[in-house]
Amino acid sequence: MRRSERIAIVAAGVVTPIGRGVDAFWSSLVTGTSGISPIERFPVSDLRVRRGGEIKKIPRIKDWGRVPECRATRLLCSAADELCSEAGSRPLPGNPDRVAVVLGTALGGVEEGEKALAGKRLQRLRGALYDSPTQNLARWLGARGPAITVSTACASGATAIGVGADLLRQGRADAVVAGGYDILCRFVMRGFDALRSLTREEIRPFDRRRSGLLLGEAAALVLLRRETDAGTRRLGSLLGHGSASDGWHIAAPEPDGRGLERSIRTAMEEAGIEPRDVDFVSAHGTATPLNDRIETAVLKRVLGPRALAIPVNSIKPALGHTMGAAAVLEGIMCLLASRHGQIPPTLNLEEPDPDCDLDYVPGGARAARPTISLSTSLGFGGCNATLVLEGGTG
Amino acid sequence: MRAPVLRALGLLTAWGRGAGALPVDALTAAEGRGVLSMGRPSYEGDRFRRVPRECVLGIAAVDAMLEDARAGRAEIAGERTALLYASAVGYAASNRIFIERGNAGAYFPYTAPASVPAEVAIEFGLRGPYGIFIGGPPATLQAIWWAATLLEARQCDRALVLAVEIFEECADLFAVGARLTGHPLVEAAGAVWLEPGEGTLALESHRGGARPDPGGIRQRLGETFACEPLAVWDLWRGGGAGGSLCLGGGWRGETVRLLWTGAAARVEASTS
């Protein structure tokens, strides 16, 4: 039995390394386009790994001059421009006091902090606060409702959608622009480089040769409304959300994936679905040796035989790990798979790992029209989050 | 929404432990200092050697909360305890160290806000629902609101809301902001233990107007950003804890209020 009111996902907007706009994003995913390239925007010569999912040019929008220089804000406003076009107008229709913005990020405006400290331009430090891009986007949108920033590392985007849905369920807003973002900058490249989490090879989720991830940058937004306010045209619905902490290690997932398992079970319970209802899983699929094995084991534990019968993919080889944006992009991908009747492939999966024995959609896109999908996310600090999504009618 | 009830509250500030340690006037008590530091609580064990100060303060706040509840760590361990964390700038010190030291020595995962609740979850074995809210007092109020939604949805039996703010490592950077607020920056860490209650809780927010200063709290406490609502709560319960409770706060043009009505915030223990 469903425990939570379903929430309509009315529109979306994205800026990614494989294209700006939902249509370009989708066509690149199904054709197997990779957005991984040498990083050009900042110095990387001292780093072990110098590639990532870098957006070479942020598409300009109409009133570009009014958007703050901060790259994260520019990505967000560019994505929001598409979302507003889909929704019909900017400001969004309705009372602006009832429009909320909820964003997830692992890094916030940290690049502004780097620049301020390097150049001693301390007036930029305000932009380094992790909630600055959220405030900037709310201002650009003309949204005067709650402006909330969440930062559960690489699960941030899923947390933002969950919090946004609860604002609607509790009547605290009539529309919520929810999503996630993060940018590539020296700060994050140096950090992951030092951790040796980045691969010098291709990103190969679930492949026995997998050796780590590459980072990417993106902004991804969805417009959430209560079902009764949403009209008939929509991308889909959020049926449930769950989160859980590992309480295990600062930088490694709990080896049995119990936290991930709890987040999936909570999300399914909230959605009122059983394993037999799940048609597709968008895995976190980072291509680290531990993550992919844990996710596989957890999916088999939670879904039972159903895990072996349904497609599971990871789109991170195409984009890099876009951190705060990842869960939102993956959620949008699930809804587009329902709309278009295709599952994007897991790129670079050529030699399956015997410990990873699910159907990961290797090779090319698969003809299938999932109705209900799970999207899983794991983050540093033991953050786990899961979304249950249903394809729509739009 | 069904309101949560306060089981316990632990508050540590640079003034001391609990609301009872607050001076009458922070500016006078600061004696010209712009930043008042809490130092580093002492915890033994190799695990704490590399743990940043803000994380250790988070752990100390939860220990203070447990002491207030007269409860052991086992009472909050496990899957049925949610952990919600709030901070405006608690991550700034670690980020600065990482940016300025280059590749040497700094431990990157600790630079994200996620490190504080992660260390707390590891230390106390918390494995329930999880959220991290960034901003000033409204972030803490939003975390309390989300804790109430999780409790109402029965996703947990208890929820801890934790807030930590430190300033010492970035005192030079924060100096301008401190002058603007007119209050000294006072380091603080607080944690509340919430359980399902009987009353109702309403969340309100609006933009514009002056930043609220509930009960003149900043004159007594100084500037503690996300920790401010927890200090107000501690003062409220110390003052008799009857009737309705309203926690409010502002940040970057947004004002948020949480209003308890009915059987509001029952107090089972007090450190004040």
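Only a predicted model underlies this, so the values are computations on that prediction, with no experimental measurement involved.

Enquirer: Before we move on, can you summarise the overall build of chain A with the specific residues and values?
Expert: Across its full length, chain A holds eleven helices and 15 strands. Its C-alpha atoms give chain A a radius of gyration of 19 Å, within 12% of the compact-globule value 21 Å for 394 residues. Principal-axis analysis of the C-alpha atoms places the extent of chain A at approximately 55 × 55 × 40 Å. Here chain A holds 394 residues, and 67% of them are scored as buried. The long-range share in chain A, meaning contacts at least 24 apart out of those at least 6 apart in sequence, stands at 78%. For chain A, the computed accessible surface area is about 12,600 Å², with 48% contributed by carbon and sulfur atoms. Taken together, the 50 basic and 44 acidic charged side chains of chain A have centroids lying 5 Å from each other.

Enquirer: I'd like a description of the packing of helix α3 (residues 110–119) of chain A against helix α3 (residues 92–101) of chain B, backed by residues and values.
Expert: One way to put it is that α3 of chain A packs onto α3 of chain B with a least axis distance of 10 Å and a crossing angle of 55°. Overall, the two elements α3 of chain A and α3 of chain B adopt an arrangement that is oblique. Our pair here, α3 of chain A against α3 of chain B, has a crossing hand that is right-handed. Every residue of α3 of chain B that contacts α3 of chain A at V110, G113, E114 and L117 of chain A is listed here: N95, R96, I99 and E100 of chain B. Taken together, the residues of the contact of α3 of chain A with α3 of chain B break down into three nonpolar, two polar and three charged.

Enquirer: Hey, could you go over the pairing of strand β8 (residues 188–207) of chain B for me, with residue numbers and the actual values?
Expert: Residue and element names in this part refer to chain B. Bridge count between strand β1 (residues 2–13) and β8: ten bridges; the pairing is antiparallel. Along β8, the bridge assignment pairs L11 with G190. Where strand β6 (residues 158–165) meets β8, seven bridges bridge the pair, whose relative direction is antiparallel. Paired with A159 across the two strands is L194, which belongs to β8. Of the pairings in the sheet, the one linking β8 to strand β10 (residues 254–261) comprises eight bridges and is antiparallel in character. Opposite H206, over in β10, you have T255 as the bridge partner.

Enquirer: For helix α7 (residues 258–271) of chain A, give the residues involved together with the corresponding values.
Expert: All names here are of chain A. Taking 1.5 Å as the rise per residue, α7 with 14 residues should run 20 Å; its terminal C-alpha atoms sit 20 Å apart, in good agreement. Within α7, ten of the 14 residues are buried, which leaves the element mostly enclosed by the surrounding structure. Among all positions in α7, only G259, L260, E261, R262, S263, I264, A267, M268, E270 and A271 are buried. Against the buried residues of α7 lie α5 (156–169), β9 (236–245), α8 (289–303), β14 (372–379) and β15 (383–391). Of the residues trailing α7, G272 is marked for its positive phi of about 70°.

Enquirer: Please provide a residue-by-residue account of the pairing of β10 of chain B, values included.
Expert: Residues and elements named next belong to chain B. Relative to β10, strand β9 (residues 245–251) runs antiparallel, the two sharing seven bridges. Residue pairing for β10: W251 is matched across the bridge by E254. Hairpin remark: β9 followed by β10, antiparallel, with two residues in the connecting loop; positive phi at R252, about 50°.

Enquirer: Report on the packing of helix α2 (residues 53–69) of chain B against helix α4 (residues 115–124) of chain B, specifying residues and quantitative values.
Expert: Residues and elements named next belong to chain B. Packing of α2 against α4 brings their axes to within 8 Å, and their N-to-C directions diverge by 50°. As the angle between them shows, α2 and α4 are arranged oblique. The handedness of the crossing between α2 and α4 comes out as right-handed. Where α2 abuts α4, its residues E54, C55, G58, I59, V62, D63 and L66 lie against S115, V116, E119, V120, E123 and F124.

Enquirer: Account for the confidence of the model for chain B, with residues named and values stated.
Expert: Atom-level detail of predicted coordinates should not be read off regions where pLDDT is low. Residues and elements named next belong to chain B. Overall, the predicted model of chain B reaches an average pLDDT of 90, with 90% of residues at or above 70. In this model, residues 266–272 is a region of pLDDT below 50 whose contacts with residues beyond four sequence positions or in other chains number 23 contacts. The ipTM value of the predicted complex is 0.97, and its pTM value is 0.96.

Enquirer: I'd like to hear about the nonpolar core, residue by residue, with values.
Expert: Considering soluble globular proteins, one finds that nonpolar side chains tend to be buried as a cluster. By size, the foremost hydrophobic cluster in this structure holds 215 residues, and its most contacted members are F25 and L137 of chain A together with L84, L162 and W233 of chain B. Of all the elements, helix α5 (residues 137–152) of chain B adds the most residues to this core, at ten residues. If you look at the next biggest cluster of nonpolar residues, it comprises 27 residues, including V281, L303, I310 and V388 of chain A.

Enquirer: Tell me about the side chain of R169 of chain A, and please be specific about residues and values.
Expert: Residue and element names in this part refer to chain A. By the element assignment, R169 lies in helix α5. A distance of 2.8 Å separates the side chain of R169 from the backbone oxygen of E5, its partner in a polar contact. Polar contacts involving the side chain of R169 include one to the side chain of D166, which spans 3.1 Å. Apart from the residues lying within four places of it in its own chain, the contact partners of R169 are S4, E5, I7, L238, L239 and E270.

So, how was this worked out
- Residues numbered from 1 in each chain as written.
- Chains lettered and ligands numbered in written order.
- Predicted model: local features only at pLDDT ≥ 70, side-chain atom pairs only at ≥ 80, totals over all residues.
- Heavy atoms only, no water.
- Helix = DSSP H or I, 4+ residues; strand = E, 2+ residues; numbered from the N terminus.
- Rg over C-alpha atoms; globule rule 2.2 N^0.38 Å.
- Buried < 20%, exposed > 50% of the residue type's maximum accessible area, 1.4 Å probe, protein only.
- Contact = heavy atoms within 4.5 Å.
- Areas by Shrake-Rupley, 256 points an atom, 1.4 Å probe, with all protein chains shown as cover.
- Lys, Arg positive; Asp, Glu negative; His and termini not counted.
- Charge placed at Lys NZ, Arg CZ, Asp CG, Glu CD.
- Axes fitted to C-alpha atoms, helices over the stretch in contact; angles between N-to-C directions.
- Parallel < 35°, antiparallel > 145°, perpendicular 65-115°, else oblique.
- Left-handed = near helix turned anticlockwise from the far one by under 90°.
- Nonpolar A, V, L, I, M, F, W, Y, C, P; charged D, E, K, R; others polar.
- Pairing = 2+ DSSP bridges.
- Expected span 1.5 Å × (residues − 1).
- pLDDT = per-residue confidence, 0-100.
- Core = buried A, V, L, I, M, F, W, Y, C linked by side-chain atoms within 4.5 Å.
- Polar contact = N/O pair within 3.5 Å; in protein donor to acceptor, adjacent residues only side chain to side chain.

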